[in-house]
Amino acid sequence: SFEFLLDDLPTHEDHGLVGRITMTALSRLVLLCLKHARDNRHLRDLLLGWLSELHEMFGGKDVSEAVHAVSRYILEVSDHIDTRELADIFERAGGARAKEAVMTAGQQLIEQGRKEGRKEGREEGREEGVAEGERRVVRRVLEARFGPLPSEAQAKLECATGAQLERWSERLLTAATIDDVFTE
């Protein structure tokens, strides 16, 4: 028979979650992490208070994947504990292998952040390059049609958004004066 349990975790006391003897230590730890990891400023102290749960969890079969998953979740959602602190706590309960699993999770998150940062940087660089190219074309056409640009027009070009540059480049085709190009 299958039984479905839906928990509203914030309404449960921690000792009630920990006292669920029909659940594995890992399952109880996951419930505690889901309840507290995201927004509890005292997460480090709570984890130290859960050392018996952690120790029981590490006493089972190979749990390195589970430790990795739990530690990765904690590191991703919590601003209140860092990789080294979490690794030290897990090491106290599960030894060097537990610490290594946490450190691996932390390194993977760092590498993921680096990749995302590089990708965002490339995208921003492309966008800036496109805008700079549009800016140069608009400047050249303005100078070809209306002569040297007044400082006011130069200033507008320098701080223009991509959308503004597009509008101005379209207006360049029909504008009778330079003011007609920049009129919003």
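Please read these numbers as outputs of a predicted model, since none were measured by experiment.

Conventions adopted
Residues numbered from 1 in each chain as written. Predicted model: local features only at pLDDT ≥ 70, side-chain atom pairs only at ≥ 80, totals over all residues. Heavy atoms only, no water. Axes fitted to C-alpha atoms, helices over the stretch in contact; angles between N-to-C directions. Helix = DSSP H or I, 4+ residues; strand = E, 2+ residues; numbered from the N terminus. Left-handed = near helix turned anticlockwise from the far one by under 90°. Contact = heavy atoms within 4.5 Å. Expected span 1.5 Å × (residues − 1). Core = buried A, V, L, I, M, F, W, Y, C linked by side-chain atoms within 4.5 Å. Buried < 20%, exposed > 50% of the residue type's maximum accessible area, 1.4 Å probe, protein only. Arc of directions from axis to C-beta. Polar contact = N/O pair within 3.5 Å; in protein donor to acceptor, adjacent residues only side chain to side chain.

**Observations concerning the packing of helix α4 (residues 51-58) against helix α6 (residues 83-94)**
At a closest axis distance of 8 Å, the pairing of α4 and α6 adopts a crossing angle of 60°. Handedness of the crossing formed by α4 with α6: right-handed. Contact residues: Leu51, Leu54, His55 and Phe58 in α4; Ile89, Phe90, Arg92, Ala93 and Gly94 in α6.

**Section: α6**
Over its twelve residues, α6 runs 16 Å from end to end, which matches the ideal 16 Å to within 8%, given 1.5 Å per residue. Where α6 is buried, its residues meet α3 (43-49), α4, α5 (64-77) and α7 (96-146). Where α6 terminates, the next one or two residues include Gly95, which has phi positive at roughly 85°.

**Points about the nonpolar core**
Membership of the largest hydrophobic core comes to 30 residues, with the highest contact counts inside it found for Leu47, Leu54, Phe58, Ile74, Leu86 and Phe90. If you list the elements that add at least two residues to this core, you get α2 (25-36), α3, α4, α5, α6 and α7. Residues in contact with Phe90, not counting those within four places in the same chain, are Leu54, Phe58, Val67, Val70, Ser71, Gly95, Ala98 and Val102. If you look at the next biggest cluster of nonpolar residues, it comprises 13 residues, including Leu157, Trp168, Leu172 and Ala175.

**Regarding α4**
Within α4 the residues assigned to the buried category are Glu53, Leu54, Met57 and Phe58. Along α4, the residues classed as buried sweep out an arc of 130° about the axis, all on the same side. Exposed positions of α4 whose direction lies more than 90 degrees from the buried face are Ser52 and His55.

**Here's the deal with the side chain of Asn40**
As for its position among the elements, Asn40 is in the loop between α2 and α3. One polar contact links the side chain of Asn40 to the main-chain amide nitrogen of His42, over a distance of 2.7 Å. Setting aside anything within four residues of it in sequence, one finds Asn40 in contact with Leu46 and His80.

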